[in-house]
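Okay, here's what each chain looks like letter by letter:
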Amino acid sequence: MFAYYFQLGVRSLRRNPVLTALMVMAIGFGVAASMITYSVFRATSNNPIPSKSSQLFVPQVDNWGPEDNVHRKGEPPNAMSYQDAVALMREHRAPRQTVLYPLGLSIIPADANKAPFHENTYAAYADTFKMFDIPFIYGGGWTADEDNAHAQVAVIGKQLNDKMFQGQNSVGKELNLDGRSYKIVGVMDSWNPQPLFFDAVNTGGFDDPTQLFVPFTRAIDLKLSTNGNNNCNADPGPGWDNYLRSECVWLAYWVELPSKSDQEAFRSYLTGYAAEQQRAGRFKWAPNVRLRNVEEWLDYQEVVPTEAKVSLLVAFGFLVICLVNTIGLLLAKFMKRSSEIGVRRALGASRREVYAQFLIEASTVGLAGGVLGLILTGLGMLGVTVVFDQQVARLATLDVSLVLLTLVVAVVSTLLAAFYPTWRAAQVQPAWQLKSN
Amino acid sequence: MLQIKPILAALKRHKAGTILIAVQIALTLAIVCNALFIIQQRVDRLSRPTGMDERNLIAIENRWVSKKEEDTSSLSRTDLAALRSMPGVQDAIMINSFPLRGGGWSTGIRLVPDEKVKSKAQTTLYFTDDHAIATMGVKLIAGRNFLPSEITSVSPREVKTTPQVIVTKALADKLFPDGSALGKQVYMNDSTNPPATIIGIVERTQVPWSGLWANDFVENAMFLPVQLTGDYAIYLIRAKPGQQMNVFKDAPATLIKTDRLRVFSSERGVRTFEQVRANSYSTDRGMAILMGVICFVLLGITAAGIVGLTSFWVGQRRKQIGVRRALGATKNDILSYFLTENLMISVAGVVIGAALAIGLNLWMVTQFEMARLSMIYVICGVIALLLLGQAAVLAPAMRASRVSPVEATRSV
């Protein structure tokens, strides 16, 4: 029966080509607009580290006070000062913890004919690699001992290893960074969490993959300043040491807290730390601390661009209008065939069969709209770079799940739109229709 | 025109179709109004002037590799000399940032040396030299330019203030609304720093940020006669007319020839100012295009929907139309019947739609920090949709008016 109704549906569509084309186009455009904007939204609201997003936290401590945070609506600064980060690291209350900041180091190839270049680089602690589940091809992260020894070591990414060492095992080899030699201890496999949760502050959540990590302790020894944002509420005074002692915020502090009790304990510890600073006279305000996990942090940092949200909303409204349009057109189409329905009903077709026939006919329209929507989505993907930032746009891809979703949304929404017209069709009184003929 | 009663009676028999058209018009109006408003806001933003003569400008961002900070000031002097002596180059400067670049330096300015007094204005700081006005192509409208002897070389960590500063007119007016800024003293950063004297005023220079948050001080800029040291150097180059592309191609090579231990970043290493502008406003432009496409398609689909449903009604009522014609109704009567019917549905739709448009905007204001919708958009949207409805209904209505009175005698 399904095949027969499907055939009937296709035949009926061919009978009013203009009306059918209008419906298919409405559904196609509506679905394509929704899918294109949804793909961007999906990419930007992605959970970058699902296995651990509820265990990794960003502690924030308000070291600026209420006077300097009017623009932040009472929130502490979104980065940490050196003195707070180092004090918290030293007390080591979390099983794993790290401090990160981006570096502007340049890589100098051994071959003097090749130009120096920059890759995204972070200063970090040894725990980083285990905390963020960073995969390795060769070697591994450096150790806590090397942190303490302020060792001049480096972990490099796969791309950089391919570029510098043709993909060979480069562990133990030397890497020249700004004229200093770093010993490579590990080569990461492809690792590119999106959004870039650990440095959403500087990157806005989207940047090229990180290709280089060096120990934080060594970077501080070398007085390497941050390649990212630095915010001060007062002049730090001249020189590096004054800068480290200042209230300038520029560091990302991350902790791993596996259990609920760990999290509660750390939260109260953090409040205690701020209270201690208040007692010591450094903070002239009550403790104001936060502890956000990965998703809360990305949400707070507003990693999903406003453009993505607004356009998703507008595109959704667009789809709704297309469906209202489809309801009207289907109604017209079905009611035109009142006499046909009357005949069928008179010949013994039940209401249920009328329902089946017309819903299947509607789904053929939906499917055709879905196919058109798919083509338009594919074309639209090429245009995404026009609307969104490059780094965001390239995450929006037409993958299998999006193809399926496009078709499903098209068919399901058309079926929803078809319910009312179909119900009206099934209400047709056979006797009345036959009589008027 | 006294057809309103029969039209209402007829519409009652087509409740579903009537409601669907009205709803579609209402939703379309709500979306189109807001989309047009977004377009206008974005276009406003991206057509703001930078205050510079943007033609023939090139920006180069350079990072020194393994150099000591002390040495960078002489390195950049060598670079500038090399750039300025290039045949296609009119002038060049080193500057810490420039309009539309993105990152930069901002600070509060006080009129009294007291931390407790709120700063009078927020401004961006441009650290550069006496070639800046000529290179950037900004207009000096009062006072004088820096003298070569006033230029100093300071580390970004040590920079305090300078005896002389040049400000934009917007900043001058904000600090001294009575127009007496020239020669006055101002305090920046830490109030323990000595004051700076305003020696010149330029017509307009935009801040480096194009984001919404900088809207409050978009033309507040202050120039300081300082060349910052450090491993990052930004050069702005003014090419001679017609030489921009040559300089764009040759300048990086010229710099590498003076010293090869440097990196031009892949994203903003070497750019023409046209590229800078395009990068800075790419999202705004894209958003405007997207909203424009959506409006266009939406209006098309709504019109198509009206055509479709009205055609169906006309088809259904051929017999009644035939009867009316047989009883003496003219073609015009039939035409105006359908036009009036559509107008009544559309009016109901736009009334609901106007309310929806304002509601949607109010909601977006709370969610996305958007501005309040101006009523002019609602009015324009209402007129546009009423016209669209009438235009869409015209073809089916014409067809209806051509129904022959003979139809009355035919059964179906």
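Every value quoted in this text rests on a predicted model; they were computed, and no experiment measured them.

Engineer: It is not clear to me how empty space enclosed by the protein should be interpreted in this structure. Could you clarify?
Structural biologist: Left-over empty space is what a probe sized like a water molecule reveals as it rolls over the atoms. For the coordinates displayed, the defined rule picks out 3 cavities of 30 Å³ or more. Looking at the largest cavity, its volume works out to about 140 Å³. Along the walls of the largest cavity sit 20 residues, with A:Asn78, A:Ala79, A:Asp199, A:Val201 and A:Ala252 positioned nearest its centre. The element contributing the most residues to the lining of the largest cavity is strand S10 (residues 249–256) of chain A, with 5 residues. Residues of the lining of the largest cavity, tallied by class, amount to 15 nonpolar, 4 polar and 1 charged. The space that makes up the second largest cavity amounts to roughly 40 Å³. Around the second largest cavity sit A:Val324, A:Asn325, A:Gly328, A:Leu329, B:Leu20, B:Ile21, B:Gln24, B:Gly305, B:Ile306 and B:Leu309, which together line it. Listing elements by their share of the lining of the second largest cavity, those giving two or more residues are helix H12 (306–336) of chain A together with helix H2 (15–46) and helix H8 (282–316) of chain B. For the lining of the second largest cavity, the per-class residue count stands at 6 nonpolar, 4 polar and no charged.

Engineer: What is the right way to look at the UniProt feature "transmembrane region" (unreviewed entry) in chain B in this model?
Structural biologist: All names here are of chain B. Those places that UniProt annotates as "transmembrane region" (unreviewed entry) correspond, in this numbering, to residues 20–39, 287–314, 335–363 and 375–395. As annotated, residues 20–39 comprises 100% helix and 0% strand, and the C-alpha atoms at either end are separated by 28 Å. Secondary structure within residues 375–395 divides into 100% helix and 0% strand; the distance between the first and last C-alpha atoms comes to 32 Å.

Engineer: For this particular structure, what's the right way to read helix H11 (residues 375–401) of chain B?
Structural biologist: Two residues of an α-helix separated by three or four positions point the same way, owing to the 3.6 residues in each turn. Residues and elements named next belong to chain B. The first and last C-alpha atoms of H11 sit 38 Å apart over 27 residues, in line with the 39 Å expected at 1.5 Å per residue. Residues of H11 that are buried: Tyr377, Val378, Gly381, Val382, Leu385, Gly389, Ala392, Val393, Pro396, Ala397, Ala400 and Ser401. Its buried side turned inward, H11 meets H2, H8, helix H9 (318–326) and helix H10 (331–368).

Engineer: Before we go on, may I ask you to explain the interface of chain B and chain A in this structure?
Structural biologist: Note: interface size is frequently given as the accessible area lost on complex formation between the parts. Each partner contributes residues to the interface: chain B has 45 residues there, and chain A has 53 residues. The junction of chain B with chain A conceals about 4000 Å² of combined surface from both sides, 71% of it contributed by carbon and sulfur atoms. It is B:Arg157, B:Phe312 and B:Phe368 that lose the most area in chain B upon contact with chain A, and together they represent 16% of the buried surface on that side. There are 1 salt bridge connecting chain B and chain A. Here B:Arg42 makes a salt bridge to A:Glu307, at a shortest N to O gap of 2.7 Å. Mapped by element, the contributors of at least two residues to the side of chain B that touches chain A are H2, strand S13 (262–264), H8 and H10 of chain B. The element best represented in the side of chain B that touches chain A is H8(B), accounting for 17 residues.

Engineer: When you look at the pattern of salt bridges in this model, what are you seeing that I'm missing?
Structural biologist: Opposite charge on two side chains makes pairing possible when the charged atoms of those side chains draw close. Taken as a whole, this structure holds 33 salt bridges over all chains when the rule is applied. Notably, a salt bridge pairs A:Glu361 with A:Arg337, separated by 2.8 Å at the nearest N-O pair. Pair noted here: A:Glu361 is in helix H14 (residues 351–387) and A:Arg337 is in the loop between H12 and helix H13 (338–346), with a separation of 24 residues, a long-range link. Of the residues examined, A:Glu361 reaches a relative accessible area of 1% and is grouped as buried. The partner of B:Glu61 in a salt bridge is B:Arg271, with the nearest N and O atoms 3.9 Å apart. Taken together, the residues B:Glu61 in strand S1 (residues 57–64) and B:Arg271 in strand S14 (residues 270–272) connect sequence positions 210 residues apart. On the basis of relative accessible area, B:Glu61 is assigned to the buried category, the value being 1%. According to the relative accessible area criterion, B:Arg271 is buried, its value standing at 6%.

Engineer: Please clarify how the domain arrangement of chain A should be interpreted in this entry.
Structural biologist: Residue and element names in this part refer to chain A. Along its sequence, chain A is carved into domain 1 (1–47 + 306–427) and domain 2 (63–256). A straight line from the C-alpha centre of domain 1 to that of domain 2 covers 49 Å. The interface is formed by 7 residues belonging to domain 1 together with 5 residues belonging to domain 2. Interface of domain 1 and domain 2: buried area, both sides summed, is about 540 Å²; carbon and sulfur atoms make up 54% of it.

Engineer: It is not clear to me how the confidence of the model for chain B should be interpreted in this structure. Could you clarify?
Structural biologist: Low-confidence regions, as indicated by low pLDDT, have predicted coordinates that should not be scrutinised in detail. Summing up the model confidence of chain B, the mean pLDDT is 89 and the portion of residues at 70 or higher is 98%. Here the predicted complex scores 0.81 on pTM and 0.80 on ipTM.

Engineer: Looking at this structure, I do not really get the state of the cysteines. What am I missing?
Structural biologist: Defined simply, a disulfide is a covalent bond joining two cysteines at their sulfur atoms. Throughout the structure, instances matching the rule amount to 1 disulfide over all chains. Here A:Cys232 connects covalently by a disulfide to A:Cys248, the sulfurs 2.1 Å from one another. The sign of the S-S torsion, about 110 degrees, decides the handedness of the disulfide formed by A:Cys232 and A:Cys248: right-handed. Remark: A:Cys248 occurs in the loop between helix H9 (240–245) and S10 and A:Cys232 occurs in the loop between helix H8 (216–221) and H9; sequence separation between them is 16 residues. Just so you know, B:Cys33 is unpaired, no disulfide at all, and the nearest cysteine sulfur is the one on B:Cys380, 8.5 Å from it. Among the cysteines around B:Cys295, which has no disulfide bond, B:Cys33 carries the closest sulfur, lying 9.0 Å off. In this structure B:Cys295 comes out as buried when scored by relative accessible area, which is 7%.

Engineer: Explain the UniProt feature "domain: ABC3 transporter permease C-terminal" (unreviewed entry) in chain A here, please?
Structural biologist: The UniProt record annotates "domain: ABC3 transporter permease C-terminal" (unreviewed entry) at residues 313–430 of chain A. For residues 313–430 of chain A, the end-to-end C-alpha separation is 44 Å, with 86% helix and 0% strand making up the annotated structure.

Rules and cut-offs
Residues numbered from 1 in each chain as written. Chains lettered and ligands numbered in written order. Predicted model: local features only at pLDDT ≥ 70, side-chain atom pairs only at ≥ 80, totals over all residues. Heavy atoms only, no water. 1 Å grid on protein atoms, 1.4 Å probe; cavity = no way out; pocket = protein on both sides within 12 Å on 5 of 7 lines; lining within 4 Å. Points joined across faces, edges and corners; volume = space filled by probe spheres on them. Helix = DSSP H or I, 4+ residues; strand = E, 2+ residues; numbered from the N terminus. Nonpolar A, V, L, I, M, F, W, Y, C, P; charged D, E, K, R; others polar. UniProt positions renumbered as here; feature names shortened; annotations may be inferred. Expected span 1.5 Å × (residues − 1). Buried < 20%, exposed > 50% of the residue type's maximum accessible area, 1.4 Å probe, protein only. Contact = heavy atoms within 4.5 Å. Buried area = accessible area lost by both parts, 1.4 Å probe. Salt bridge = Lys/Arg side-chain N within 4 Å of Asp/Glu carboxyl O. Domains from an automatic or database assignment. pLDDT = per-residue confidence, 0-100. Disulfide = S-S within 2.5 Å.

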